[in-house]
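Chain and residue survey
The primary structure of each chain is shown beneath.
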Amino acid sequence: MLVEKKERIIMGIDPGTSIMGYGVILEKGSKIELITMGIVRMDHLDDHFLKLQRIFEKTISLLDEFKPDTMALEAPFYGKNIQVMLKLGRAQGTAMAAALSRNIPITEYAPKKIKQSITGNGNTSKEQVAAMLQRLLNFKETPEFLDATDGLAVAVCHSFQKISTTGKGKAYSGWEAFAKDNQKRLK
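No experiment lies behind these values; they were computed from the predicted model shown.

A closer look at the sheet that holds strand β4 (residues 70-74)
- Pairing within the open sheet is mixed, and its five strands lie in the order β3-β2-β1-β4-β5. The open sheet has two edge strands, β3 (31-41) and β5 (106-109), and neither has a second partner. Taken over all neighbouring pairs, the strand axes of this sheet differ in orientation by 20° on average, direction set aside.
- Judged from the four bridges that link them, β4 and β5 form a sheet pairing that is parallel. Of the residues in β5, the one forming a bridge with A72 is T107.
- Helix-sheet contacts for helix α1 (residues 48-66) involve β1 (7-14), β2 (19-28), β3 and β4, and the interaxial angle to β3 is about 150°.
- Against the sheet, helix α2 (residues 82-101) touches β1, β4 and β5, its axis set at about 175° to β4.

Quick look at the structure:
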């Protein structure tokens with residue numbers, strides 16, 4: 001019989017071909033703590049394959065440094081430009097390949113699902129998501145790029161879903177349900 005860990009480290013990735021955002025949190029029971037967040041810049045690289053190489057190498061480096069139990073990724077959203085969609089899909093696949101090479105389970109979330117779980121509104125702005133994360137995780141610094149808080153939002157979204165390796169755990173239908181069930185975590 002498997003025993004569920006009381007703590008887990010969750011890495012969230014917001015894939016991109018110019019800037020990839022990431023966030024790492026520690027989940028202790030019903031509490032979450034910020035470990036780190038940041039970005040990987042690739043806007044100085046012209047070659048798409050060099051960008052993919054940088055995504056893979058940096059993701060491996062982050063995985064080896066923080067040793068997450070699971071990775072959550074933002075799924076590419078539907079766009080009008082098929083070339084952009086293809087490049088984003090490749091970036092996401094490259095980050096997935098890095099996690100798979102370390103046997104780390106992966107979950108992906110639609111952008112609206114992430115926003116909904118953090119703010120209660122799937123159509124909210126990146127700035128509103130960042131502000132809510134600052135309150136939830138008690139950090140003051142404003143990242144230079146919102147891609148960092150986007151990556152962090154993916155990790156927090158995953159934590160809120162309470163997806164476990166055993167298939168047990170509590171799932172919330174949205175921010176209101178989570179807030180109602182976690183009154184002592186709110187300030």
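Points about the nonpolar core
- M11, I13, M20, I55, L63 and M71 are the most contacted members of the largest nonpolar core, which has 23 residues in total.
- Of all the elements in the fold, those that place two or more residues in this core are β1, β2, α1, β4 and α2.
- Top element by residues in this core is α1. It accounts for six residues.
- Once you skip the residues sitting within four places of it in the chain, M20 turns out to touch I13, D14, P15, G38, I39, V40, M42, I55 and T59.
- Core analysis: the next-biggest nonpolar cluster, separate from the first, contains 21 residues, I10, M37, V154 and F160 among them.

Some remarks on the UniProt feature "active site" (unreviewed entry) in the protein chain
- Following the UniProt record, the feature "active site" (unreviewed entry) maps to D14, E74 and D147 here. The greatest C-alpha distance among the residues just named is 11.2 Å, despite their covering 134 residues of sequence, which places them together in space.
- Checked against the element boundaries, D14 lands in strand β1.
- If we ignore the near neighbours within four places in the chain, the residues touching D14 are I19, M20, G21, E74, K126, D147, D150 and G151.
- Within the secondary structure, E74 is located in strand β4.

Here we look at the packing of helix α3 (residues 111-119) against helix α5 (residues 146-161)
- Put simply, α3 and α5 touch, their axes get as near as 9 Å, and they point 70° apart. By the angle between their directions, the pair α3 and α5 is classed as roughly perpendicular. On the side of α3, the interface is formed by K113, I114, S117 and I118, while α5 contributes A153, V154, V156, C157, F160 and Q161.
- Class assignment of the residues belonging to the contact of α3 with α5 gives a composition of seven nonpolar, two polar and one charged.

Some remarks on the UniProt feature "binding site: Mg(2+) 1" (unreviewed entry) in the protein chain
- When the UniProt feature table is mapped onto this chain, "binding site: Mg(2+) 1" (unreviewed entry) is found at D14 and D147.
- The class for D14 is buried, based on a relative accessible area of 7%.
- Inspection of the secondary structure assignment puts D147 in helix α5.
- Ignoring anything within four residues of it in the chain, the contact list for D147 reads D14, I19, G21, Y22 and I39.

Considering the pattern of salt bridges
- This model, assessed by the stated rule, comprises five salt bridges.
- Ionic pairing is found between R8 and E27, a salt bridge with its closest N-O pair at 2.6 Å. Taken together, the residues span a long stretch of sequence, with R8 in strand β1 and E27 in strand β2 at a distance of 19 residues. For the pair shown, R8 and E27 are each scored as buried.

Description of the pairing of β2
- A large share of β2 lies buried, amounting to nine of its 10 residues.
- Pairing geometry for β1 and β2, over eight bridges, is antiparallel. The partner of R8 across the bridge, within β2, is E27.
- From the end of β1 to the start of β2, which pair antiparallel, there are four residues.
- As paired strands, β2 and β3 are joined by 10 bridges and run antiparallel to one another. Looking at the pairing, I25 lines up with L34 of β3.
- Adjacent in sequence and paired antiparallel, β2 and β3 are bridged by two residues, among which G29 carries a positive phi angle near 60°.

What counts, and at which threshold
- Residues numbered from 1 in each chain as written.
- Predicted model: local features only at pLDDT ≥ 70, side-chain atom pairs only at ≥ 80, totals over all residues.
- Heavy atoms only, no water.
- Pairing = 2+ DSSP bridges.
- Helix = DSSP H or I, 4+ residues; strand = E, 2+ residues; numbered from the N terminus.
- Axes fitted to C-alpha atoms, helices over the stretch in contact; angles between N-to-C directions.
- Contact = heavy atoms within 4.5 Å.
- Core = buried A, V, L, I, M, F, W, Y, C linked by side-chain atoms within 4.5 Å.
- Buried < 20%, exposed > 50% of the residue type's maximum accessible area, 1.4 Å probe, protein only.
- UniProt positions renumbered as here; feature names shortened; annotations may be inferred.
- Parallel < 35°, antiparallel > 145°, perpendicular 65-115°, else oblique.
- Nonpolar A, V, L, I, M, F, W, Y, C, P; charged D, E, K, R; others polar.
- Salt bridge = Lys/Arg side-chain N within 4 Å of Asp/Glu carboxyl O.

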